[in-house]
Amino acid sequence: MKIIKKIIALALLLSLFSPVYAGRIHPEIWYQTKWCLEQGGEIEVTLSDRTRCDCITKIYAVEVEFGNRWHHAIGQSLHYALQTNKRPGILLIIESPKDQKYWERLNRVIKTYNLPIDVWTIGD
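By convention here, each chain's residues receive numbers from 1 onward along its written sequence. Given that this is a predicted model, residues contribute local features only at a pLDDT of at least 70 and side-chain atom pairs are listed and counted only at 80 or more, while totals for whole chains, interfaces and linings are drawn from all residues. Working from all heavy atoms in the structure, the side-chain values ignore hydrogens and water.

A. Seen up close, the pairing of strand E5 (residues 118-123). Examined bridge by bridge, strand E4 (residues 87-94) and E5 share six bridges and lie parallel to one another. Each residue of the ladder has a partner; that of Ile 93, found in E5, is Ile 122. The path from the first strand over the helix to the second decides the hand: if it runs clockwise while the strands point away from the viewer, the crossover is right-handed. What counts as a helix is a DSSP run of H or I of at least four residues, what counts as a strand is a run of E of at least two, and both are numbered from the N terminus. Each parallel crossover has a hand, and the one from E4 via helix H4 (residues 100-112) to E5 is right-handed. Whether two strands pair comes down to DSSP finding at least two bridges between them.

Here's what the structure looks like:
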């Protein structure tokens, strides 16, 4: 577990210098690490098909995604759940009040199509 924490700390440090980080309060890995560890989960789990699930807990296979990519998170969470035989989950990153529309869109699609996805938010 200590080596995992060191790797995560290094990844967080390196992500601070990433051009992808520009315009975001924190990089995705920051939210992913914070939430997943609080849930007692495992981060960046490589699955049998070589895809990587953002967080695996006892119950869930969770995709962590910024609000504006909510639609990508639906497919990924369902795929990870299929691969792991766990419930699909989405942790949607909401960094500003204007991101609330993505939360509403995500929940509308899940409700309309009765998708078995549990969702949470993190951020402001």
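B. Representation of helix H2 (residues 28-38) within the structure. Within H2 the residues assigned to the buried category are Ile 29, Tyr 31, Gln 32, Thr 33, Trp 35 and Cys 36. With its phi angle positive at about 75°, Gly 40 sits one or two positions after the end of H2. Burial here depends on accessible area, computed with a 1.4 Å probe over protein chains only, as a share of the maximum for the residue type. Under 20% is buried, over 50% is exposed, and the range in between is partly exposed.

C. View of the state of the cysteines. Sulfur atoms of two cysteines make up a disulfide when they are within 2.5 Å. Counted by the stated rule, this structure contains one disulfide. Here Cys 36 is linked by a disulfide to Cys 55, with a sulfur-sulfur distance of 2.1 Å. Taking the sign of the S-S torsion, 85° for the link of Cys 36 and Cys 55, the bridge is right-handed. Of this pair, Cys 36 sits in helix H2 while Cys 55 is found in strand E2 (residues 52-56), placing the two residues 19 residues apart along the sequence. You can call Cys 36 buried: its relative accessible area is 0%.

D. Spatial organisation of the sheet that holds E2. Taken in spatial order, the five strands line up as E1-E2-E3-E4-E5 in an open sheet, and their pairing is mixed. In the strand order of this sheet, the two ends are held by strand E1 (42-46) and E5, each with one partner. Shown here is a sheet whose adjacent strand axes are inclined to one another by a mean of 35°, direction ignored. In this analysis an axis means a line fitted to C-alpha atoms, helices contributing only their contacting stretch, and an angle means the value between N-to-C directions, from 0 to 180 degrees.

E. Up close: the packing of aromatic side chains. Aromatic pairs are defined between Phe, Tyr and Trp rings, using the six-membered ring for Trp, whenever the two ring centres lie within 6.5 Å; interplanar angles under 30 degrees are classed as stacked, those over 60 as edge-to-face, and all others as tilted. Going through the model one piece at a time under the given rule, you end up with four aromatic pairs. Measuring from centroid to centroid gives 5.1 Å for Trp 30 and Tyr 31, while their planes differ by 90°, and the two rings are edge-to-face. Here Tyr 60 and Trp 120 contribute two aromatic rings whose centre-to-centre distance is 4.9 Å and whose plane-to-plane angle is 90°, an arrangement assigned as edge-to-face. Here Trp 120 lies in strand E5 and Tyr 60 lies in strand E3 (residues 60-66), a separation of 60 residues in the sequence. Classification of Tyr 60 by relative accessible area gives buried; the value is 18%. Linked through ring pairs, Trp 30, Tyr 31 and Phe 66 together constitute an aromatic cluster.

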